[in-house]
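Below, each chain spelled out in residue letters.
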Number of protein chains: 2
Amino acid sequence: MSEVSAKKPSRIQRRNRRVILDAALNIFAQHGFRGATLDQIAAEAGLSKPNILYYFQGKEDIHVSLLSQLMETWLDPLVELDPQGDPETEILDYVQRKLDMARDLPRESRLFAGEILQGAPHMGPHLESDLKPLFDEKCAVISGWIDQGKIAALDPQHLIFSIWATTQHYADFEAQVSVLLEEEAANRQRASNHLRSLFSALLRPHTPPQSS
Amino acid sequence: MSEVSAKKPSRIQRRNRRVILDAALNIFAQHGFRGATLDQIAAEAGLSKPNILYYFQGKEDIHVSLLSQLMETWLDPLVELDPQGDPETEILDYVQRKLDMARDLPRESRLFAGEILQGAPHMGPHLESDLKPLFDEKCAVISGWIDQGKIAALDPQHLIFSIWATTQHYADFEAQVSVLLEEEAANRQRASNHLRSLFSALLRPHTPPQSS
DNA sequence: CGAAAATTTTACCATTTGGTAAATACACGA
DNA sequence: TCGTGTATTTACCAAATGGTAAAATTTTCG
């Protein structure tokens, strides 16, 4: 009986909450938290402002809902990094998953980036409780691989930072990337190849030229 | 004679404009353009709001002034990349300069990141006119090095993106980095070493990537 | 000094924005 | 079909915010 209001949500409730969150994701990702207005979100969702406030306590509530919902999706690729798998494959596949995610979910990437950029005012706890343990765990996995001589001696923490930075860059700095890159269909593949080379070179810097 | 109002600025003018821009940099970097208020900037600058509007046409004018002023500083490390120098040294030194800049000027990095994240609403022209030509020029330099067999066959454009992403990450995502890294004095050096390894590994192997 | 120009303050204003109260329309099970 | 709880709209409001007018103060310079 710890739940205060535990009515099961109706079909309309579920639909409208989903519609609102999707609209809010568009707006928040584009303008940031302060830059977004409830009127914009309402218009995007095709609902009236008071109607939106019927489903959410307020602007901040929507934002927080989006962020915590995003956390799961966001951490998923790292969760999948398998301690039992082949180290090089695992890490390069992780890079690829992160890149795919940045490409397929740019709104989510920008929402997250904006939040962190502002000092994570709505996410401090989540970072500590969700991200930090996972990060530490996977750093330990990578350290283990290094100790076993399976990959080069690199810095696990900063390796992960580099993977995050390079992959999310394509979503977060898309406005800049698109100015500098002529629009080509092959860009996606070129980015993927580049990152593969980049991190693959780091993992086996002293290995013979060929391996496959 | 093309200047409309070309009075030379007084000492007070120069001092106050500088004070305002510095205050605005603090506020804009922390809250973004929409999140920042003139009152905050005024308080930070120790001036009254109307007094600020005596020196700048409006909020947007301050923001634009900051951004165009920043452009020079920001591009400087890339300008210094010397086509005549040793390729590996030049690129690794560029990485180091960018990392130092992210560390020493985090406000500027975040201001820039926020602007790009929102789709560069105040910087589109600057990107085209200032950044793009420089970017293309330096990509050509790197391509030249590749053609001469001085470095591995890599993708110049995406290499530069990776350098930007990894270095600026430490400023832009500082809120996340500081949660995940225990505060150590050595972190700065560790990041530097890591990035050196990362890009150095990419440059060295002259083995063309396997296509599959 | 003293007047003109530059600078700063005081007192406002219009708009935007997050949010609310209450009335109204609707859905759905008995 | 009817009544009850759910969903939505209408009409607002108070605070915040970008900005202005004009008076008052300070600086500059002949």
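Relevant structure appears above.
Residues numbered from 1 in each chain as written. Chains lettered and ligands numbered in written order. Predicted model: local features only at pLDDT ≥ 70, side-chain atom pairs only at ≥ 80, totals over all residues. Heavy atoms only, no water.

(A) Layout of the overall build of chain A. Within chain A one finds 10 helices and zero strands. When the helices and strands of chain A are placed in sequence order, the string is α-α-α-α-α-α-α-α-α-α. Dimensions along the principal axes, computed over C-alpha positions, put chain A at roughly 65 × 50 × 30 Å. Counted over contacts in chain A with a minimum sequence separation of 6, partners at least 24 positions apart contribute 70%. As displayed, chain A offers around 10400 Å² of accessible surface, 50% of which is attributable to carbon and sulfur atoms. Each charge class in chain A was averaged separately, 22 positive and 29 negative side chains, and the resulting centres sit 8 Å apart. (Helix = DSSP H or I, 4+ residues; strand = E, 2+ residues; numbered from the N terminus. Contact = heavy atoms within 4.5 Å. Areas by Shrake-Rupley, 256 points an atom, 1.4 Å probe, with all protein chains shown as cover. Lys, Arg positive; Asp, Glu negative; His and termini not counted. Charge placed at Lys NZ, Arg CZ, Asp CG, Glu CD.)

(B) Main features of the protein's contact with DNA strand D. Close to DNA strand D lie 19 residues; Ser10(A), Gln13(A), Tyr55(A), Leu38(B) and Lys49(B) are nearest. Protein-adjacent atoms of DNA strand D, using a 4 Å cutoff, are sugar or phosphate at a proportion of 60%. Within the side chain of Gln13(A), a nitrogen or oxygen atom sits 2.8 Å from a phosphate oxygen of DNA strand D. The contact in question runs from a phosphate oxygen of DNA strand D to an N or O atom on the backbone of Lys59(B), over 2.9 Å. Secondary structure elements with two or more residues in the surface near DNA strand D: helix 1 (11–35) and helix 3 (49–55) of chain A together with helix 3 (49–55) of chain B. When the residues that make up the surface near DNA strand D are grouped by side-chain class, the tally is eight nonpolar, seven polar and four charged. (Near = heavy atom within 4 Å. Polar contact = N/O pair within 3.5 Å; in protein donor to acceptor, adjacent residues only side chain to side chain. Nonpolar A, V, L, I, M, F, W, Y, C, P; charged D, E, K, R; others polar.)

(C) Highlighting the protein's contact with DNA strand C. Lining the immediate surroundings of DNA strand C are 19 residues, of which Leu38(A), Lys59(A), Ser10(B), Gln13(B) and Tyr55(B) lie closest. In DNA strand C, atoms within 4 Å of the protein come 60% from sugar and phosphate. In the environment of DNA strand C, a phosphate oxygen lies 2.8 Å from a nitrogen or oxygen atom belonging to the backbone of Leu38(A). When contributions to the surface near DNA strand C are tallied by element, the ones reaching two or more residues are helix 3 of chain A together with helix 1 (11–35) and helix 3 of chain B. If you tally residues by element for the surface near DNA strand C, the top one is helix 3 of chain B, at four residues.

(D) Here's a closer look at a positive patch on the surface. Taken together, the side chains of Arg11(A), Arg14(A), Arg15(A) and Arg18(A) make up a positively charged region of the molecular surface. Given a relative accessible area of 49%, Arg14(A) falls into the partly exposed group. (Patch = residues over 30% accessible without salt bridge, like charges linked within 9 Å, V, L, I, M, F, W, Y side chains within 5 Å. Salt bridge = Lys/Arg side-chain N within 4 Å of Asp/Glu carboxyl O. Buried < 20%, exposed > 50% of the residue type's maximum accessible area, 1.4 Å probe, protein only.)

(E) Local environment of the packing of helix 1 of chain B against helix 6 (residues 106–117) of chain B. All names here are of chain B. At a closest axis distance of 8 Å, the pairing of helix 1 and helix 6 adopts a crossing angle of 60 degrees. Classified by the angle their axes make, helix 1 and helix 6 are oblique. Of the two possible hands of crossing, helix 1 and helix 6 adopt the one that is left-handed. Note on element contacts: helix 6 touches helix 1 through Arg107, Glu108, Arg110 and Leu111, opposite Asp22, Leu25, Asn26, Phe28 and Ala29. The residue inventory of the contact of helix 1 with helix 6, partitioned by class, reads four nonpolar, one polar and four charged. (Axes fitted to C-alpha atoms, helices over the stretch in contact; angles between N-to-C directions. Parallel < 35°, antiparallel > 145°, perpendicular 65-115°, else oblique. Left-handed = near helix turned anticlockwise from the far one by under 90°.)

(F) Broad picture of the interface of chain A and chain B. Counting residues at the interface gives 56 residues for chain A, matched by 56 residues for chain B. Interface area for chain A against chain B, summed over the two sides, is near 4900 Å², with a carbon-plus-sulfur share of 65%. The largest share of the area that chain A buries against chain B comes from Leu117(A), His158(A) and Leu180(A), three residues that together contribute 14% of it. The partner of Glu182(B) in a salt bridge is Lys132(A), with the nearest N and O atoms 2.8 Å apart. Inspection of the chain A/chain B interface yields 14 residue pairs in polar contact (both at pLDDT 80 or more). Counting residues per element, the side of chain A that touches chain B draws most heavily on helix 8 (residues 156–172) of chain A, which supplies 12 residues. Its residues assigned to classes, the side of chain A that touches chain B shows 27 nonpolar, 20 polar and nine charged. (Buried area = accessible area lost by both parts, 1.4 Å probe.)

(G) Spotlight on the pattern of salt bridges. Considering all chains together, one arrives at 20 salt bridges over all chains under this definition. Close ionic contact of Glu88(B) with Arg204(B) constitutes a salt bridge, the shortest N to O distance being 3.3 Å. A residue pair is termed long-range when its members are at least 10 positions apart, and Glu88(B) in helix 5 (residues 87–104) and Arg204(B) in the segment after helix 10 (187–203) qualify at 116 residues. The class for Glu88(B) is partly exposed, based on a relative accessible area of 25%. Here the salt bridges share partners, and the residues they tie into one network are Lys132(A), Asp136(A) and Glu182(B).

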